[in-house]
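Spelled out, the chains give:
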Amino acid sequence: MAGKTVTRADLSEAVYQKVGLSRTESAELVERVLAEICDSLAAGETVKLSSFGSFVVRSKGERVGRNPKTGVEVPIDPRRVMVFKPSNVLKAYINGETVERED
């Protein structure tokens, strides 16, 4: 099940080859897009990419956890977590089905 991991460099190279920007411009474009996504998520905004999915920030409250080795209860601090929800189009694509893209 383990496959190739796509890196920033891979994304930049794909932009370079398919869009025709220089390698430097392609790398800068990828960095700016990722930075904008990160900034939006840090601000608590949902990032929705049509036909791909949504990145959602959720707040988790404080709770009590347990050390599985000793059984001692430990408080787990409240925190924010990011969740990815794939679109139906992406789910269908991954499963080899054809679905009209949302726009």
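Keep in mind it's a predicted model, so treat the numbers as computed, not measured.

Engineer: Describe the overall build of the chain, and please don't skip the residues or the numbers.
Structural biologist: In terms of helices and strands, the chain carries 3 helices and 5 strands. Along the chain, helices and strands appear, N-terminal first, in the series α-α-β-β-β-β-β-α. Its C-alpha atoms give the chain a radius of gyration of 19 Å, more than 25% over the compact-globule value 13 Å for 103 residues. Summarising its shape, the C-alpha atoms of the chain cover approximately 60 × 35 × 30 Å along the three principal directions. Sequence separation of 24 or more characterises 35% of the internal contacts of the chain that already satisfy a separation of 6 or more. Here the chain contributes 16 positively and 15 negatively charged side chains, and the mean placements of these two sets differ by 7 Å.

Engineer: Tell me about a nonpolar patch on the surface, and name the residues and values.
Structural biologist: A cluster of nonpolar side chains, namely Leu 49, Phe 52 and Phe 84, defines an oily patch on the protein surface of about 230 Å² accessible area. Its place among the elements puts Phe 52 in the loop between strand E1 (47–49) and strand E2 (53–60).

Engineer: Can you explain unusual backbone geometry? Please cite residues and give values.
Structural biologist: Unlike most non-glycine residues, Ser 51 shows phi in positive territory, near 65 degrees. By the element assignment, Ser 51 lies in the loop between E1 and E2.

Engineer: Can you lay out the domain arrangement of the chain for me, pointing to particular residues and giving the numbers?
Structural biologist: For the chain, the assigned domains are domain 1 (1–43) and domain 2 (46–102). A separation of 22 Å is found between the C-alpha centroids of domain 1 and domain 2. Taken together, the contact pairs 4 residues of domain 1 with 5 residues of domain 2. Summing both sides of the interface, domain 1 and domain 2 together bury roughly 420 Å²; the carbon and sulfur share of this comes to 74%. Inspection of the region where domain 1 meets domain 2 yields 0 salt bridges. Across the contact surface, domain 1 and domain 2 share 1 residue pair in polar contact (both at pLDDT 80 or more). When grouped by side-chain class, the residues that make up the side of domain 1 that touches domain 2 number 3 nonpolar, 1 polar and no charged.

Cut-offs applied
- Residues numbered from 1 in each chain as written.
- Predicted model: local features only at pLDDT ≥ 70, side-chain atom pairs only at ≥ 80, totals over all residues.
- Heavy atoms only, no water.
- Helix = DSSP H or I, 4+ residues; strand = E, 2+ residues; numbered from the N terminus.
- Rg over C-alpha atoms; globule rule 2.2 N^0.38 Å.
- Contact = heavy atoms within 4.5 Å.
- Lys, Arg positive; Asp, Glu negative; His and termini not counted.
- Charge placed at Lys NZ, Arg CZ, Asp CG, Glu CD.
- Patch = residues over 30% accessible without salt bridge, like charges linked within 9 Å, V, L, I, M, F, W, Y side chains within 5 Å.
- Areas by Shrake-Rupley, 256 points an atom, 1.4 Å probe, with all protein chains shown as cover.
- Salt bridge = Lys/Arg side-chain N within 4 Å of Asp/Glu carboxyl O.
- Domains from an automatic or database assignment.
- Buried area = accessible area lost by both parts, 1.4 Å probe.
- Polar contact = N/O pair within 3.5 Å; in protein donor to acceptor, adjacent residues only side chain to side chain.
- Nonpolar A, V, L, I, M, F, W, Y, C, P; charged D, E, K, R; others polar.

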